[in-house]
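# Residue-level structure breakdown
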Amino acid sequence: MKRRKFFGQMGMAISGFFGIGSLHGHPHSRNTLPKRLSDHPISIGTWNCPDAILTSGQLMEGGTPSLEAVVKGVAVEEANENNTTVGIGASPDRSGRVTLDACVMNSNGDCGAVMAVENIVHVARLAQHVMEDTPHVNLVGLGAEEFAYSKGFPKTQLLSMAAEKRWKAWLQKSEFTPKINVENHDTIGMLCLDAQGKLSGSCTTSGLAYKMKGRVGDSPIIGSGLFVDNQVGAATATGLGEAVIKTVGSFLIVELMRNGWSPQKACEEAIGRILSQQTGKPDFQVGFIAINIAGERGAFSIHKGFSFTHYESGKAINVPSSSAY
Ligand code: GLY
């Protein structure tokens, strides 16, 4: 897609947000939100994560509500030591510490998040506890870790031998290049719609490899890495978190869908919004996925290489995303 086209769409979107005009008149908008066509559960996740998607899809087929399905789904990748960007085995920050970020959001609009948590594998579940068992939305660092122990989470060494070896090799030059793509991807974002029409989402990550100590990206930030509105749809992000935060990408996508945009066009617009802040072709990746309450889906990224996985008839299908470049 040409950047010109993005700018056109962006102008329409801005006028809608500030009440200057209505997005309902935009060529990408439909006057009514679509109705759900079937009650088959839907699960969609960033990147190639078949086991996580199968887990959540099959759980929902068996009647498990979307929130439990999404947390159990992303837990598959959190426990996968070979996934170098989520949970155990993830790359550390530049001081050698693995710190994890995660959030969850349910169909009531309740949400919880944890940030910069050490020694805990299942941080999406921990974020669910923050949502359900505290009066707060965000817990960070040691406070989140201590809360995890109070809930019975085990203390676990997150830095694997392989990750330590990669980090020590990185230290030789200490060059920070926040490049994210299929070979070095980040973040599992997952959206689930159950047979009852309840939407939930989760986003879980170790963030950028060799990030500054204390750095938190978009993934646990509600509205940026994830947003769910059961009247409209849901969106989640992967890629360079700073760019997603600056445009509040997932919230933007849901608001565009509220104004009648399809999930696909809304994802394209969110990427266009990021590109409009750049001069020239950016050397970082961002990808979004979205679904609406009718079960339509969308995905778009800055660069080729992003893909998503969705659940269909008992199978997890990985699909390359379309992209701006
Ligand atoms: N998208 C994950 C991060 O930037 O931390």
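For the structure, check the block above.
Reference entry: report on the structure contained in this document.

### Side note on the site of the ligand
Surveying the vicinity of the ligand reveals the residues Asp186, Thr187, Gly207, Leu208, Arg215, Gly217, Asp218, Ser219, Gly239, Leu240 and Gly241. A distance of 2.7 Å separates a nitrogen atom of the ligand from a polar atom in the side chain of Asp218. Within the contact set of the ligand, an oxygen atom lies 2.8 Å away from a backbone nitrogen or oxygen of Gly241. Burial of the ligand by the surrounding chains reaches 100%, relative to a free accessible area of 200 Å². In the shell around the ligand, the residues fall into 2 nonpolar, 6 polar and 3 charged.

### Comments concerning the pattern of salt bridges
Opposite charge on two side chains allows them to pair when their charged atoms are near. Inspection of the entire model under this criterion finds 10 salt bridges. For the salt bridge of Glu68 with Arg125, the shortest nitrogen-to-oxygen distance reads 2.9 Å. Linking Glu68 in helix 3 (residues 66-78) with Arg125 in helix 4 (residues 123-133), this pair joins segments that are 57 residues apart in sequence. With a closest N to O distance of 2.7 Å, Arg258 and Glu255 form a salt bridge. One end of the pair, Arg258, and the other, Glu255, are both in helix 8 (residues 249-258), 3 residues apart, so they sit about a helical turn from each other. Among the charged side chains, a network of salt bridges with common partners joins Glu68, Lys72 and Arg125.

### So, helix 3
Taking 1.5 Å per residue, 13 residues should reach 18 Å; helix 3 reaches 18 Å between its end C-alpha atoms and fits that length. Summarising burial for helix 3: 10 of the 13 residues are buried, a large majority. Residues Ser66, Leu67, Ala69, Val70, Val71, Gly73, Val74, Ala75, Glu77 and Glu78 constitute the buried set of helix 3. Where helix 3 is buried, its residues contact helix 2 (50-61), strand 2 (100-105), helix 4, strand 5 (188-193) and strand 6 (199-205).

Parameters at a glance
- Residues numbered from 1 in each chain as written.
- Predicted model: local features only at pLDDT ≥ 70, side-chain atom pairs only at ≥ 80, totals over all residues.
- Heavy atoms only, no water.
- Near = heavy atom within 4 Å.
- Polar contact = N/O pair within 3.5 Å; in protein donor to acceptor, adjacent residues only side chain to side chain.
- Areas by Shrake-Rupley, 256 points an atom, 1.4 Å probe, with all protein chains shown as cover.
- Nonpolar A, V, L, I, M, F, W, Y, C, P; charged D, E, K, R; others polar.
- Salt bridge = Lys/Arg side-chain N within 4 Å of Asp/Glu carboxyl O.
- Helix = DSSP H or I, 4+ residues; strand = E, 2+ residues; numbered from the N terminus.
- Expected span 1.5 Å × (residues − 1).
- Buried < 20%, exposed > 50% of the residue type's maximum accessible area, 1.4 Å probe, protein only.
- Contact = heavy atoms within 4.5 Å.

By themselves these figures say nothing about function.
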